[in-house]
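Coordinate inspection notes
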Amino acid sequence: MASSHFPCTHHVFLPSCNSFRRSHLSSLRPHGSSSFHSHSQFQRVRAMVSDSNTGRRQVEIVYDPEKRLSKLADEVDRDAPISRMTLFSPCKVNVFLRITNKREDGFHDLASLFHVISLGDVIKFSLSPSKTRDRLSANVSGVPLDDKNLIIKALNLYRKKTGSENFFWIHLDKKVPTGAGLGGGSSNAATALWAANQFNGCLATEKELQEWSSEIGSDVPFFFSQGAAYCTGRGEVVQNIPPPVPLDIPMVLIKPPQACSTAEVYKRLQLDQTSKVDPLTLLEKISTNGISPDVCINDLEPPAFVVLPSLRRLKQRIIAASRGQYDAVFMSGSGSTIVGIGSPDPPQFLYDDDEYREVFLSEANFLVREANQWYREPASTSASTSASNFSQSSE
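What counts, and at which threshold
- Each chain carries its own residue numbering, running from 1 in the written order of its sequence.
- Local features are withheld for residues below a pLDDT of 70 in this predicted model, meaning they are given only at 70 or higher, and side-chain atom pairs are given and counted only at 80 or more; totals for whole chains, interfaces and linings count all residues.
- As a convention, hydrogens and water are excluded, and side-chain values are obtained from all of the structure's heavy atoms.
- Here a cavity denotes a set of grid points, spaced 1 Å apart and computed over the protein atoms alone, in which a 1.4 Å probe fits but from which it cannot get out, and a pocket denotes an open set meeting protein on both sides within 12 Å along at least five of seven lines; residues with an atom within 4 Å of a point are reported as lining.
- Grid points are joined across faces, edges and corners, and a volume is the space filled by probe spheres set on the points.
- The helix and strand labels rest on DSSP assignments: H or I over at least four residues marks a helix, E over at least two residues marks a strand, and numbering proceeds from the N terminus.
- Under the scheme applied here, ten amino acids are nonpolar (Ala, Val, Leu, Ile, Met, Phe, Trp, Tyr, Cys and Pro), four are charged (Asp, Glu, Lys and Arg), and all others, including Gly, are polar.
- A simple rule labels every residue: compare its accessible area, found with a 1.4 Å probe on the protein chains alone, to the largest value its type can have, and call it buried under 20%, exposed over 50%, or partly exposed in between.
- In this context, the arc is that of the directions from the helix axis out to the C-beta atoms.
- Any pair of residues with heavy atoms lying within 4.5 Å of one another is described as a contacting pair.
- Joining through side-chain atoms within 4.5 Å is the link that ties buried Ala, Val, Leu, Ile, Met, Phe, Trp, Tyr and Cys residues into a set, and such a set is a nonpolar core.
- Helix axes are fitted to C-alpha atoms over the stretch in contact, other axes to C-alpha atoms as well, and angles between N-to-C directions run from 0 to 180 degrees.
- When describing relative orientation, an angle under 35 degrees is termed roughly parallel and one over 145 degrees roughly antiparallel, while 65 to 115 degrees is termed roughly perpendicular and anything else oblique.
- Note: crossing handedness is left-handed where the near helix turns anticlockwise from the far helix by less than a right angle, and right-handed where it turns clockwise.
- Each pair of strands is called paired provided DSSP finds at least two bridges between the two strands.
- Any N or O atom pair separated by 3.5 Å or less is treated as a polar contact, with the protein-specific requirement of one donor-capable and one acceptor-capable atom, and with residues adjacent in sequence counted only for side-chain atom pairs.

A word on the layout of surface pockets. Taken as a whole, the largest pocket spans an internal volume of roughly 1000 Å³. Taken together, the elements giving at least two residues each to the lining of the largest pocket come down to β4 (84-102), β5 (108-127), α3 (184-199) and α5 (262-267). For the lining of the largest pocket, the element with the most residues is α3, which contributes four residues. Residues belonging to the lining of the largest pocket are distributed by class as follows: 16 nonpolar, 19 polar and five charged.

What follows is the structure, given as structure tokens:
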């Protein structure tokens, strides 16, 4: 089956906090249809003034708000060692996810192999001349643009922890679907903390950023790993591990339009019905023998299938139709993304069956990052789209 690809834009990344330089990365002016300010023509105001020699005459005053904002941004550029930054914000999959206990605080203890993958968002940051608020825009509707967004939460947390007075213009190019079990929002928060720290001359260590980030969400600290980690506690206890599988193993992500509420999934979790396999044994098997169905255990699958019965049917159809093309098929996180490891190609029924025309599809690979750098967007990334937009392969 043919795969769909598109070339992506290359972005510039800061090598480390110790090599500050004046950086003019991709400008936030303009952002296409999602600009921070209007792209309308100049606003013209006509006024009548009196002249003693010629009498009344008409004067046209031209007000250009975009030029004014650009001028303000340029003033920020002159005064700051870094003024603009574009960062890749990748998502993750849970190769296995064991739920081991319910805690007194109402949360659950888990043990999971988290791994960053190559599907991600792109976030553009620019220092704002404002000293009172951040401005966030996005390329898709439905994304909260106020402090309900984890990006704004992260920037507020950074200022609270460090005393920084920097505020930002941010544009989010969203590619990771929400309610997918892929940690897209958590990754956005971690990326924003990293960016804020770079703009501020690295007032915090990475370890501090990781510790602070648990106040935003349980999955956020993971993204300060090197890309592969064994996570315990609520997910905030992160142990870096060498990548247990080759990074070039292909996978396909298949997410129906319906999302799974994490709270609803955990509400239906029955601990006496979860797997009893030692998660460290799963980790050892993956490191030794690679990925297989018997190690890709997700204790949240049964309750997620109660919340969304069609998800169980989707997974079963993927397994039946794949005829062994995937090394394993499993749900990531609390759903609703089904992951097929070992092939980038979706099963043919996703093209043929009208029931799945709105399913989100994306190829991906495992991804890691280098020390003192953020994640780099791969040189080429698969198209992420619905099944109805994929070209059918010829037999």
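Those residues of helix α4 (residues 206-213) not exposed but buried are Leu209, Gln210, Trp212 and Ser213. For α4, the angular spread of buried residues about the axis comes to 165°, placing them on one side. The elements touched by buried residues of α4 are α2 (150-162), α3 and β9 (237-240).

Residues Phe125, Ile151, Ile170, Ile254, Leu311, Leu314 and Ile318 are the most contacted members of the largest nonpolar core, which totals 68 residues. Per-element tally for this core: the top contributor is α3, with eight residues. If sequence neighbours within four positions are ignored, Ile318 has contacts with Ile254, Tyr326, Val329, Ile338, Pro347 and Phe349. Grouped together as the second largest cluster of nonpolar side chains are 32 residues, Val176, Ala180, Leu282 and Ile341 included.

Once that is clear, we can look at the packing of α3 against α4. Running from N to C, α3 and α4 point in directions that differ by 140°, and their axes come no closer than 10 Å. Here α3 is positioned oblique relative to α4, judged by the angle of their axes. Note on packing geometry: the crossing formed by α3 with α4 is right-handed. Note on element contacts: α4 touches α3 through Glu206, Leu209 and Ser213, opposite Leu193, Trp194 and Asn197.

With that settled, consider unusual backbone geometry. Ser336 follows Gly335 through a cis peptide bond whose omega is 15°. Residue Cys202 is not a glycine yet carries a positive backbone phi of 60°. Mapped onto the elements, Cys202 comes out in the loop between α3 and α4. With a relative accessible area of 18%, Cys202 lands in the buried category. Although it is not a glycine, Asn372 sits at a positive phi angle of roughly 65°. Summarising the element assignment, Asn372 is placed in the loop between β13 (360-364) and β14 (380-382). Taking the relative accessible area as the measure of exposure, Asn372 reaches 47% and is therefore partly exposed.

This brings us to the pairing of strand β10 (residues 251-255). Among the five residues of β10, five are classified as buried, and the element is accordingly described as predominantly covered. Residue alternation in β10 divides its side chains into two sets, Met251, Leu253 and Lys255 and Val252 and Ile254, and both sets are buried. As paired elements, β10 and strand β12 (residues 338-341) share four bridges and run antiparallel to each other. Residue Val252 lies in a different strand from β12, and its bridge partner there is Gly340.

Turning to the side chain of Asp299, a few remarks are in order. Within the element layout of this structure, Asp299 appears in the loop between α6 (279-289) and α7 (301-307). Using a relative accessible area of 5% as the deciding quantity, one classes Asp299 as buried. Among the polar contacts listed, one links the side chain of Asp299 to the side chain of Arg98, at a separation of 2.6 Å. A polar contact is formed between the side chain of Asp299 and the backbone nitrogen of Ile99, at a distance of 2.9 Å. Asp299 has contacts with Leu97, Arg98, Ile99, Leu269, Thr274 and Ser275, leaving out every residue within four places of it along the chain.

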